[in-house]
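# Observations on the model geometry
As a plain string of letters, each chain reads:
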Amino acid sequence: MTVRCDIRLDPLRGGTELHFAFYRDGRTVRGYNVSDTYRVRSSQLEDSGNYTCEVRTRSDTVRKMSDGLYIQIYELFSLPKIKVTPSRVIEGDEMTVRCDTRLDPLRGGTELYFAFYRDRRIVWGYNVSDTYRVRSSQLEDSGNYTCDVRTAFDTVRKMSDEIYIQITQIH
């Protein structure tokens, strides 16, 4: 995200050195600098807010504050939820664990990668499939499962809450 402080300087004052500062919701996000641009390399939801810039002359004899501009950062994809089918897994059953997330419809071309963990150990590495399958589940497949979703360049990454999958033994 790039925020620019756009000013018009009197042509007769062309050599005046200006310094710019940027604020979000009244708090400094970048102190005085000769650049009229504030950049955020990887914007996060918390970067949303009311942005203003202040410009001053080098000698600090003139200061001016811009009007505010509200910038809303939208969530690229929702926090993933882990779902298991069937809801009660019996030893020998095929078990399907799905990492459910919603991608912002305006960013439909974004490729997401999914990984699955059991008891914090990876069981299925990053893959474009949101599903982890166990053809014939065994007791040792029981455990606390989580899934991790990330973008191709790892600029956004989110992990689901844990769920415990109860593999029931046949008596």
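Residues numbered from 1 in each chain as written. Predicted model: local features only at pLDDT ≥ 70, side-chain atom pairs only at ≥ 80, totals over all residues. Heavy atoms only, no water.

### Topic: the state of the cysteines
Within the structure shown, the criterion is met by two disulfides. A sulfur-sulfur separation of 2.0 Å characterises the disulfide bridge that pairs C5 with C53. Its S-S torsion of about 65 degrees marks the bond between C5 and C53 as right-handed, since a negative value means left-handed. Pair noted here: C5 is in the loop between β1 (2-4) and β2 (18-24) and C53 is in strand β5 (residues 49-57), with a separation of 48 residues, a long-range link. The disulfide partner of C99 is C147, and the S-S distance across this bridge is 2.0 Å. Measuring the twist about the S-S bond at about 70 degrees, one finds the C99-C147 disulfide to be right-handed. Highlighted residues: C99 in strand β10 (residues 95-100) and C147 in strand β14 (residues 143-151), separated in sequence by 48 residues. (Disulfide = S-S within 2.5 Å. Helix = DSSP H or I, 4+ residues; strand = E, 2+ residues; numbered from the N terminus.)

### A closer look at the environment of P80
Position of P80 relative to the elements: it lies in the loop between β7 (69-71) and β8 (81-85). With relative accessibility at 2%, the residue P80 sits in the buried group. Taking the C-alpha atoms as reference, P80 lies 49 Å from E17; in sequence the two are 63 residues apart. (Buried < 20%, exposed > 50% of the residue type's maximum accessible area, 1.4 Å probe, protein only.)

### Quick word on the domain arrangement of the protein chain
Each assigned domain of the protein chain is listed here: domain 1 (2-71) and domain 2 (77-168). The gap between the C-alpha centroids of domain 1 and domain 2 is 43 Å. (Domains from an automatic or database assignment.)

### Examining the side chain of K158
With respect to the helices and strands, the residue K158 is situated in strand β15 (residues 157-159). At 3.1 Å, the side chain of K158 and the side chain of E75 are in polar contact. One polar contact links the side chain of K158 to the main-chain carbonyl oxygen of F77, over a distance of 2.5 Å. Once residues lying within four places of it in the same chain are set aside, the contact partners of K158 are E75, F77, S78, L79, P80, C147, D148 and V149. (Polar contact = N/O pair within 3.5 Å; in protein donor to acceptor, adjacent residues only side chain to side chain. Contact = heavy atoms within 4.5 Å.)

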